[in-house]
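Summary of structural features
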Amino acid sequence: MTAVAHTEPATARGAALRATSLVAGYGDLAVVRGLDIEVRAGEIVALLGPNGAGKSTTLLTLAGELRPLGGEISWFGSPLTGGLHKRAASGLGFVPEERSVIMSMSVRDNLLLGSGGIEPAVEVFPELGALLDRRAGLLSGGEQQMLTLGRALARRPKVLLADELSLGLGPIVVDRLLAALRDAATTLDIGVLLVEQQARRALAASDRWYLMRRGELVASGDSSDGMDEIQRLYLAGHDSAD
Ligand SMILES: Nc1ncnc2c1ncn2[C@@H]1O[C@H](COP(=O)(O)OP(=O)(O)OP(=O)(O)O)[C@@H](O)[C@H]1O
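Every chain begins its residue count from 1, and numbering advances along the sequence as written. Local features are withheld for residues below a pLDDT of 70 in this predicted model, meaning they are given only at 70 or higher, and side-chain atom pairs are given and counted only at 80 or more; totals for whole chains, interfaces and linings count all residues. As a rule here, side-chain values come from all non-hydrogen atoms in the structure, and water together with hydrogens is ignored.

**Focus on the layout of surface pockets**
Filter applied, for reference: For each structure, a 1 Å grid was placed over the protein atoms alone; sets of points admitting a 1.4 Å probe that cannot get out are labelled cavities, open sets with protein on both sides within 12 Å along at least five of seven lines are labelled pockets, and lining residues have an atom within 4 Å of a point. Grid points are joined across faces, edges and corners, and a volume is the space filled by probe spheres set on the points. Helical segments are the DSSP runs of H or I of at least four residues, strand segments are the runs of E of at least two, and each set is numbered from the N terminus.
By volume, the largest pocket is sized at about 660 Å³. Along the walls of the largest pocket sit 26 residues, with Phe94, Pro96, Ser100, Arg151 and Arg155 positioned nearest its centre. Those elements giving two or more residues to the lining of the largest pocket turn out to be helix H1 (55–63), helix H2 (84–90), strand S6 (92–95) and helix H5 (141–154). Here the lining of the largest pocket gets four residues from one element, more than from any other, and that element is S6.

In structure tokens:
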């Protein structure tokens, strides 16, 4: 991967993507309330929380799939408007929870659909190189997720929103996906907002974390020393952090 020259650490930079007092939901029903979060270039931020906390709703709203019910979303300091496609064209990538590969098409054609091309995706996941002519439906779950993530990263997004990359996958492949994400964030200066159920894995792969519960932000911090606090907060809500 070609490294991007940047001199200051992510913490010293302005937000690439910021939500301020965000209210999000379905129809008139607000399921996320008063959310303040931000993602800077080059950092991985984990968005944690138990089932139903509002993590996916937050991501769908940031991605432009759902219209916010209140608050603001800014993109490098300017209001972020428009739907999914306009935001994608500006450099906001989105990997939704359900794998979005076309099962009847080859790995090669799936990558060509993504407009980032084949080579940059194979650079992220060399494993895909030997699978280019295989139908995506014949890949393992982990390989399909490499295809999804490789295709999203090949577009060189400025910020990537990733929802539950680990869903249904074994620990080895999850670690592989998260390591590739870390590498891409660092070398390509991509900001990542990572929704994850497995708090311990998410902390190991991220720089900062936010914890949501019942539609609200309950805490945030640095990933290097977050596990004790997260465990305590999960226990307070009678959920398990792992
Ligand atoms: N299409 C929908 N219409 C109405 N309510 C919805 C819809 N999708 C989700 N919800 C509700 O919104 C709330 C937040 O759901 P969301 O999927 O954002 O949580 P989550 O933190 O991503 O959970 P999980 O980890 O289980 O995916 C839940 O109460 C859920 O039932």
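Having put the structure on the table, let's press on.
**Points about the packing of H5 against helix H6 (residues 171–188)**
To characterise two packed helices, one gives the angle between the axes of the helices and the distance between these axes. Selection rule: Axes here refer to lines fitted to C-alpha atoms; in helices the fit is confined to the stretch in contact. Angles between the N-to-C directions go from 0 to 180 degrees. What sets the label is the angle itself: under 35 degrees gives roughly parallel, over 145 gives roughly antiparallel, 65 to 115 gives roughly perpendicular, and the rest give oblique. By the convention used here, residues are in contact when the closest approach between their heavy atoms is within 4.5 Å.
Packing of H5 against H6 brings their axes to within 10 Å, and their N-to-C directions diverge by 10 degrees. Of the possible angle classes, the one that applies to H5 and H6 is roughly parallel. Contacts from Gly142, Gln145, Met146, Leu149 and Leu153 in H5 reach Val173, Arg176, Leu177, Leu181 and Ala184 in H6.

**Observations regarding a negative patch on the surface**
Heads up, the rule is: Here, patches come from residues exposed beyond 30% relative accessible area and free of salt bridges, joined within 9 Å for like charges and within 5 Å for nonpolar side chains (Val, Leu, Ile, Met, Phe, Trp, Tyr). Throughout, the Shrake-Rupley method with a 1.4 Å probe supplies accessible areas, and for residues the shown protein chains are the sole cover considered. The salt bridge criterion pairs a side-chain nitrogen of Lys or Arg with a carboxyl oxygen of Asp or Glu, the two atoms within 4 Å. Residues counted as positive are Lys and Arg, residues counted as negative are Asp and Glu, and His and the chain ends are not counted. Note that the charge is assigned to NZ on lysines, CZ on arginines, CG on aspartates and CD on glutamates.
Together, Asp222, Asp225, Asp228 and Glu229 make up a negatively charged patch on the protein surface. Mapped onto the elements, aspartate 222 comes out in strand S10 (residues 216–222).

**Observations concerning the environment of glutamate 216**
Cut-off, in case you're wondering: Buried means the residue's accessible area, taken with a 1.4 Å probe over protein chains only, is under 20% of the maximum for its type, while exposed means over 50%, and partly exposed covers the values in between.
Checked against the element boundaries, glutamate 216 lands in strand S10. Of the residues examined, glutamate 216 reaches a relative accessible area of 39% and is grouped as partly exposed. Each C-alpha atom, one on glutamate 216 and one on glutamate 38, is 15 Å from the other, the two residues being 178 residues apart in sequence.

**Points about the sheet that holds strand S9 (residues 208–213)**
Quick reminder of the rule: When DSSP finds two or more bridges between a pair of strands, those strands are recorded as paired.
If you trace the six strands from one edge of the open sheet to the other, you get S6-S7-S8-S3-S9-S10, paired in mixed fashion. At either margin of the open sheet sits one strand with a lone partner, and together these are S6 and S10. Between one strand and the next, the sheet's axes are offset by a mean angle of 15 degrees, whatever the strand orientation. Alignment of strand S7 (residues 159–163) against strand S8 (residues 191–195), held across five bridges, turns out to be parallel. Considered in S8, the bridge of leucine 161 is made with leucine 193. Of the strands in this sheet, strand S3 (44–48), S6, S7, S8 and S9 touch H1, which is tilted by about 145 degrees from S7.

**Considering the environment of threonine 61**
By the secondary structure assignment, threonine 61 is in helix H1. Along the chain, threonine 61 and glycine 25 lie 36 residues apart, while their C-alpha atoms are 8.3 Å from each other. Those residues within four positions of threonine 61 in sequence are excluded, and the remaining contacts are Leu22, Ala24, Leu66, Arg67, Pro68, Ile73 and Arg87.

**Re the nonpolar core**
Stated formally: Residues belong to one nonpolar core when they are buried, are Ala, Val, Leu, Ile, Met, Phe, Trp, Tyr or Cys, and are joined through side-chain atoms within 4.5 Å.
Of all hydrophobic cores here, the largest spans 36 residues; its most connected members are Leu149, Leu160 and Leu181. Within the residue set of this core, elements represented by two or more residues are helix H3 (107–113), helix H4 (119–124), H5, S7, H6 and S8. For this core, the leading source of residues is H6, giving nine residues. Each residue touching leucine 160, except ones within four places of it in the same chain, is listed here: Gly93, Phe94, Val95, Leu149, Ala152, Leu153, Leu181, Ile190, Gly191, Val192 and Leu193. Within the second largest apolar cluster, 26 residues are counted, among which are Val45, Ile73, Leu92 and Tyr210.

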